[in-house]
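Residue-level structure breakdown
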Amino acid sequence: MSKKIVILNGSSRRNGNTSTLVKAFTEGAESAGNTVTEFFLDGMEIHGCKGCFGGHSSKECPCVQKDDMSKIYRAMKECDVIAMVTPLYYWNMSGQIRTAIDRLFALEEGHGNLLRGHDRSCALLMAAEGHGFEDVTLYFDHLMEHLRWKKLDHVLAGGDMDIGDIKGKPEIQVAYNPGKSVFAK
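Right, let's walk through the structure included here. What you are looking at is a predicted structure, and each value in this text was computed from that prediction instead of being measured.

Moving on: the pairing of strand β4 (residues 121-127). Across the seven residues that make up β4, a large majority, seven, are buried. A two-sided burial pattern is seen for β4, the buried positions comprising Ser121, Ala123, Leu125 and Ala127 on one face and Cys122, Leu124 and Met126 on the other. Where strand β3 (residues 81-87) and β4 come together, seven bridges link them in parallel fashion. Bridge pairing links Thr86 to Met126 in β4. The parallel pair β3 and β4, bridged by helix α3 (residues 95-103), forms a crossover whose chirality is right-handed. By the bridge criterion, six bridges tie β4 to strand β5 (residues 150-157) in an arrangement that is parallel. Bridge assignment links Leu124 to a residue of β5, and that residue is His154. Considered for its hand, the β-α-β crossover made up of β4, helix α4 (residues 134-147) and β5 is right-handed.

Okay, structure coming up:
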């Protein structure tokens, strides 16, 4: 059975090392018959969460703020699998993806929690100059526990300073394989 996959791409470079992981992941997923929707967050207008608790999951746009998150909310309500993809910036996820993750909280507010549970799965794909992924993987694992989502692979590609450094590295095939095999089940 095909899956609906949402990719939250937190890179600021459309052709950087992180986007190379996205491309491999997408090719694997689509070759297995899955539908992939990618959100390139750096090109979207997404404001920070105001912590107002004014959202309501039953609304078409559950957040009180009206920006490009409305596109992501629609896709998230229907998806089976999420891929959180980000470069490692200062030992954390990029600000672009952190902002989007914070804003997903609106899907938990109101009468029908549309975020937590729902038999969803999530993968984490990252590229970085170094190899200090521990803080992000710890956060990701805690987030998966809170959301009650099945945690899929971490694809962590370290040692990729310049654009194109990731080419030919095994992490590209690792990113391709979950899209093709894990999500097709």
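Turning next to the sheet that holds β4. As a general point, the strands of a sheet are linked pairwise by backbone hydrogen bonds and lie either parallel or antiparallel. Taken in spatial order, the five strands line up as β2-β1-β3-β4-β5 in an open sheet, and their pairing is parallel. Two strands bound the open sheet, and with one partner strand each, they are β2 (35-40) and β5. Taking the axes of each pair of neighbouring strands and ignoring which way they run, one obtains an average angle of 15° across the sheet. Of the strands in this sheet, β1 (4-9), β2, β3, β4 and β5 touch helix α1 (residues 17-31), which is tilted by about 175° from β1. Sheet strands in contact with helix α2 (residues 69-78) are β1, β2 and β3, and its direction is about 140° off that of β1.

We now examine the nonpolar core. Counting residues in each nonpolar core, the largest one holds 36 residues, and the members touching the most others are Leu8, Leu41, Ile72, Met76, Met84 and Trp149. For this core, the elements supplying multiple residues, two or more each, are β1, α2, β3, α3, β4 and α4. Other than its neighbours up to four places away in sequence, Leu8 contacts Phe39, Leu41, Ile72, Ile82, Ala83, Met84, Val85, Ile97 and Leu104. Counting 19 residues, the second-largest nonpolar core is a separate cluster that includes Ile5, Ile7, Ala123 and Ala175.

Parameters and conventions
Residues numbered from 1 in each chain as written. Predicted model: local features only at pLDDT ≥ 70, side-chain atom pairs only at ≥ 80, totals over all residues. Heavy atoms only, no water. Buried < 20%, exposed > 50% of the residue type's maximum accessible area, 1.4 Å probe, protein only. Helix = DSSP H or I, 4+ residues; strand = E, 2+ residues; numbered from the N terminus. Pairing = 2+ DSSP bridges. Right-handed = clockwise from strand over helix to strand, strands pointing away. Axes fitted to C-alpha atoms, helices over the stretch in contact; angles between N-to-C directions. Contact = heavy atoms within 4.5 Å. Core = buried A, V, L, I, M, F, W, Y, C linked by side-chain atoms within 4.5 Å.

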